[in-house]
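Letter by letter, the chains look like this.
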Amino acid sequence: MAVIIKTEALSKVYNTRNKNTQALDNLTLEVESGCIFGYLGPNGAGKTTTINILLDFIKPTYGRAWIMGKEIGDVKAKEKIGFMPENPYFYTHLTSWEFLDFFGRIFHLDKTTRRNRTEKLLEMVGLKKEQKTLLKNFSRGMLQRIGIAQALINEPDLVFLDEPIASLDPIGRREIRTLIKKIKAQGKTVFFCSHILSDVEQICDEVAILKEGRLIEKGPLNKLLNVKEIEVIAQGLNSETLEAINKLSKKTTSVDGNWQIIIEKEKDLPSTLDIIQKGGGRYLSVVPHKETLEELFFSDIEKNV
Amino acid sequence: MNIWPIAQSSFKESMRQKILYVIVIFSFITILSALLYKTLAINQEVKLMKDVGLAAMVVLGVLVAIFTGTNSISREIDSKTIHTLLAKPVKRSEFVLGKFLGAGLTTLFNLAIMTIGFLIIVAIVEKGAPFYLLKAIVLTAVELLILVSASIFFSTIFPQAISTIFALLLFLVGHVTNLLPYLISKAETIGTKIIASIFYYLLPNLQYFNLRAEVVNNLSIPVSLILLTIIYGILYAAIGVVLSIFVIRGKDFA
Ligand SMILES: Nc1ncnc2c1ncn2[C@@H]1O[C@H](COP(=O)(O)OP(=O)(O)OP(=O)(O)O)[C@@H](O)[C@H]1O
Ligand SMILES: [Mg+2]
């Protein structure tokens, strides 16, 4: 897979009147194309700063970065980029239709294409009925929806979404999750900043965790999340077998006439299954339980105090 | 090039801002009050009315120019709408040019409305088409463009309130630069001399754009003078825009 975003020792220091903030510290990162990349970190970790640099809103104090092989600052790369800002502040004097049409013109789309895409996008984010409403009369969640729509007007290959679902209702959140997966299914890359770890866990392929401007974790979600425990459901265990199993397991309980055996270490699994079979029982299922992203997040953050 | 859509959107924004309507209405009242002069002073010439009307258009035009100029870029930065725009393939220079064009159009549109109203009133009073007044108004238009450009430039560096004050000062000082050589010769401290000289050589002489007395008194004005003044004005406006592009290019929009 090709690398679509690459940063090299990216650093940013903000100099304000009373202090200097190191918002990014030597960030070296690669994002593969075609994935949903979850960019995580506590408030003030430097997520928005990273996006601001990648989109050339601010200059890095040190380091370099490339998007689709073009060094940042090259306006051409933006032809194929979509961006939804953290705070959905948009032109309040335009209606949602005019707003999308305006950006369509910025991308030099012809009239028919603009009309088709505007219609399709408004439908997709559920704002069809509001097409003639001025954005100044939009609720925050509606602004986030139109923000997502404008990010897709140019059918981008890479979409930056900075906290795209924070103000959405549960229905909206599910819709947007589905939408993000749909974008990925079209072979596109999504760079997704969020605090809502359950959302990230549901849709992201790859995550990076940032803390105080430093990268503290990065990798595919399924490799990062360790197996926490394994649940074995078994039948027909006599007391002798149970006793042997109890030595290996963390917990054994009877559930609806079956036995639920929880083991913590993966290496104990073969011997457990062996004991069950030798004792004349049989096992119905083996289910590994992974730690949640939330657990990983907290253990990483605490490790790096 | 993305200048035109940005300009149009800015223009639309101004048109949807109520403040401009207030100014337009106020303008009409002022121009109409010029008519009042005519009726009050029965023996007075129509001249006074034209004087007052043209002067009112300059003052109101300047207010609109400075308001839209200082507002156009600073509003975009303060409200962070600039992020969504710069994430698209828009060069910073295109952004500044679009914003200048939008604010310029707003200002000229406003002047055009005042002009139409004014010309109709004069036409009624004089019972003839007063197109000769356009000579003065065209130069006012160019002067307003200088002020738009300067206001934009100030607003790339200072907050809007301060930019407004600077732009107003530019307007006032620009009309008295003729006096500066005298001030330089009479200045007591070297500091005053230097500052007055800088102002004299750097600031545009806005008095060049004031042909109102000549026009109202029907004096002949060579076309070449008008053309030269227009070029002079456009040059100054262009300097303001180029400087703004320079500042905006180096800016962080966090
Ligand atoms: N314009 C600025 N001037 C000074 N400091 C800034 C500026 N923008 C951000 N910072 C600082 O940089 C650090 C990183 O901020 P950033 O906005 O990138 O965090 P974030 O990870 O996006 O946080 P959040 O989850 O709250 O959005 C913070 O300490 C913040 O105070
Ligand atoms: Mg942020």
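Below is a summary of the structure that appears in this document.

Quick notes on the rules
Numbers given to residues run from 1 along each chain, matching the order in which its sequence is written. Here the convention is simple: chains get letters from A, ligands get numbers from 1, in the order in which they are written. For a predicted model such as this one, the threshold for reporting local features is a pLDDT of at least 70, and the threshold for listing and counting side-chain atom pairs is 80 or more; totals across whole chains, interfaces and linings nevertheless cover every residue. Just so you know, side-chain values use all the structure's heavy atoms and leave hydrogens and water out. Segments assigned H or I by DSSP are reported as helices when at least four residues long, segments assigned E as strands when at least two residues long, and all are numbered from the N terminus. Relative accessibility thresholds used throughout: buried, under 20% of the residue-type maximum; exposed, over 50%; partly exposed, between the two (1.4 Å probe, protein chains only). As a rule, N, O and S atoms within 2.8 Å of a metal are its donors, except that Na, K and Ca use 3.2 Å; water is not among the atoms, so sites may look incomplete. Should any heavy atoms of two residues lie within 4.5 Å, those residues are counted as being in contact. The term buried area means the drop in 1.4 Å probe accessible area that two parts suffer when joined, counted for both and summed. Within this document, salt bridges are pairs made up of a side-chain nitrogen of Lys or Arg and a carboxyl oxygen of Asp or Glu, the two lying within 4 Å of each other. Definition of a polar contact: a pair of N or O atoms within 3.5 Å, with one able to donate and the other able to accept a hydrogen when the atoms are protein atoms, and with sequence-neighbouring residues admitted only if both atoms are side-chain atoms. Following the grouping adopted for this structure description, the nonpolar residues are Ala, Val, Leu, Ile, Met, Phe, Trp, Tyr, Cys and Pro, the charged ones are Asp, Glu, Lys and Arg, and the polar ones are all others, Gly among them. Planes of paired rings set the category: under 30 degrees apart is stacked, over 60 is edge-to-face and the rest tilted, where pairs are Phe, Tyr or Trp rings (Trp by its six-membered ring) whose centres lie within 6.5 Å. Here, proximity means that at least one heavy atom of the residue falls within 4 Å of the molecule or strand. To be clear on the numbers: accessible area is Shrake-Rupley with a 1.4 Å probe, and residue cover counts the displayed protein chains and nothing else. One less than the residue count of a helix, multiplied by 1.5 Å, gives the span that helix is expected to have. Two strands are counted as paired when DSSP detects at least two bridges linking them.

### Concerning the environment of L101 of chain B
All names here are of chain B.
And then number 1: For L101, the position within the fold is in helix 5 (residues 92-126).
And then number 2: The exposure class of L101 is partly exposed, given its relative accessible area of 33%.
And then number 3: Once the C-alpha coordinates of L101 and Q207 are considered, the two residues, 106 residues apart in sequence, prove to be 24 Å apart.

### Points about the coordination of the magnesium ion (ligand 2)
Residues and elements named next belong to chain A.
And then number 1: Coordination sphere of the magnesium ion (ligand 2), protein contribution only: T48 (OG1) and E86 (OE), at 1.9 to 2.3 Å. Of the two residues, T48 sits in helix 1 (residues 47-54) while E86 sits in the loop between strand 6 (81-84) and helix 2 (96-106), which places them 38 residues apart along the sequence.
And then number 2: Overall, T48 belongs to the partly exposed group, its relative accessible area being 22%.
And then number 3: By relative accessible area, E86 is classed as partly exposed at 31%.

### Quick word on the interface of chain B and chain A
And then number 1: The interface of chain B with chain A comprises 30 residues on the first partner and 29 residues on the second.
And then number 2: When chain B packs against chain A, close to 2,600 Å² is buried across both sides, 58% of that on carbon and sulfur atoms.
And then number 3: Summed over the shared surface of chain B and chain A, the result is three salt bridges.
And then number 4: Its salt-bridge partner being K12 of chain B, residue E98 of chain A comes within 3.8 Å of it at the nearest N-O pair.
And then number 5: The tally of links from chain B across to chain A stands at 13 residue pairs in polar contact (both at pLDDT 80 or more).
And then number 6: Elements that contribute at least two residues to the side of chain B that touches chain A include exactly helix 1 (3-15), helix 3 (46-78) and helix 4 (81-86) of chain B.
And then number 7: In terms of residue count, helix 1 of chain B provides more of the side of chain B that touches chain A than any other element does, seven residues in total.
And then number 8: Class assignment of the residues belonging to the side of chain B that touches chain A gives a composition of eleven nonpolar, seven polar and twelve charged.

### Regarding the packing of aromatic side chains
Residues and elements named next belong to chain A.
And then number 1: Applying the stated criterion to the full structure yields 18 aromatic pairs over all chains.
And then number 2: For the ring pair F57 and F83, a centre distance of 5.6 Å and an interplane angle of 65 degrees mean the geometry is edge-to-face. Of this pair, F57 sits in the loop between helix 1 and strand 4 (62-67) while F83 sits in strand 6; the two residues are 26 residues apart in sequence, bridging distant segments of the chain. For the pair F57 and F83, a shared accessibility class is recorded, and that class is buried.
And then number 3: One aromatic cluster is present, formed by F90, Y91, F99, F102 and F103 through successive ring pairs.

### Overview of the site of ligand 1
And then number 1: Taken together, 15 residues lie near ligand 1, and G44, K47, T48, T49 and E86 of chain A sit nearest.
And then number 2: Looking at the residues close to ligand 1, they fall on chains A and B.
And then number 3: Here A45 of chain A contributes a backbone N or O atom positioned 3.2 Å from an oxygen atom of ligand 1.
And then number 4: Between G46 of chain A and ligand 1, the recorded distance is 2.9 Å, taken from a backbone N or O atom to an oxygen atom.
And then number 5: Here ligand 1 has 630 Å² of accessible area as a free molecule, and 69% of this is covered by the chains.
And then number 6: Contributions of two or more residues to the shell around ligand 1 are made by strand 2 (20-32) and helix 1 of chain A.

### Topic: the pattern of salt bridges
All names here are of chain A.
And then number 1: Following the criterion strictly, the structure yields 24 salt bridges over all chains and no others.
And then number 2: For R117, the salt bridge is made with E155, and the minimal N-O distance between the two is 3.5 Å. Of this pair, R117 sits in helix 3 (residues 111-124) while E155 sits in the loop between helix 4 (140-151) and strand 7 (158-162), and the two are 38 residues apart along the sequence.
And then number 3: For E155, a relative accessible area of 34% translates into the label partly exposed.
And then number 4: For K120, the salt bridge is made with E155, and the minimal N-O distance between the two is 3.7 Å. A residue pair is termed long-range when its members are at least 10 positions apart, and K120 in helix 3 and E155 in the loop between helix 4 and strand 7 qualify at 35 residues.
And then number 5: Linked by salt bridges that have partners in common, K6, E8 and E30 make up one network.

### Quick notes on helix 1 of chain B
And then number 1: Between its first and last C-alpha atoms helix 1 of chain B spans 18 Å; for 13 residues at 1.5 Å apiece the expected length is 18 Å, and the two agree.
And then number 2: When we look at burial in helix 1 of chain B, the residues that qualify are I3, P5, I6, A7, S9, S10, E13, S14 and M15 of chain B.

### Some points on unusual backbone geometry
All names here are of chain A.
And then number 1: The phi torsion at A9 lies on the positive side, around 50 degrees, for a residue other than glycine.
And then number 2: With respect to the secondary-structure elements, A9 resides in strand 1 (residues 3-15).
And then number 3: Here D256, not a glycine, exhibits a phi torsion of approximately 50 degrees, which is positive.
And then number 4: Inspection of the secondary structure assignment puts D256 in the loop between strand 12 (251-255) and strand 13 (258-263).

### Description of the pairing of strand 4 of chain A
Residue and element names in this part refer to chain A.
And then number 1: The pairing of strand 1 with strand 4 spans five bridges and is classified as antiparallel. Looking across to strand 4, one finds that K6 is bridged to W66.
And then number 2: Here strand 4 runs beside strand 5 (residues 70-71); their pairing, made up of two bridges, is antiparallel. Of the residues in strand 5, the one forming a bridge with W66 is E71.
And then number 3: In this structure, the hairpin formed by strand 4 and strand 5 is closed by a connection of two residues, where M68 is found at a positive phi of approximately 50 degrees.

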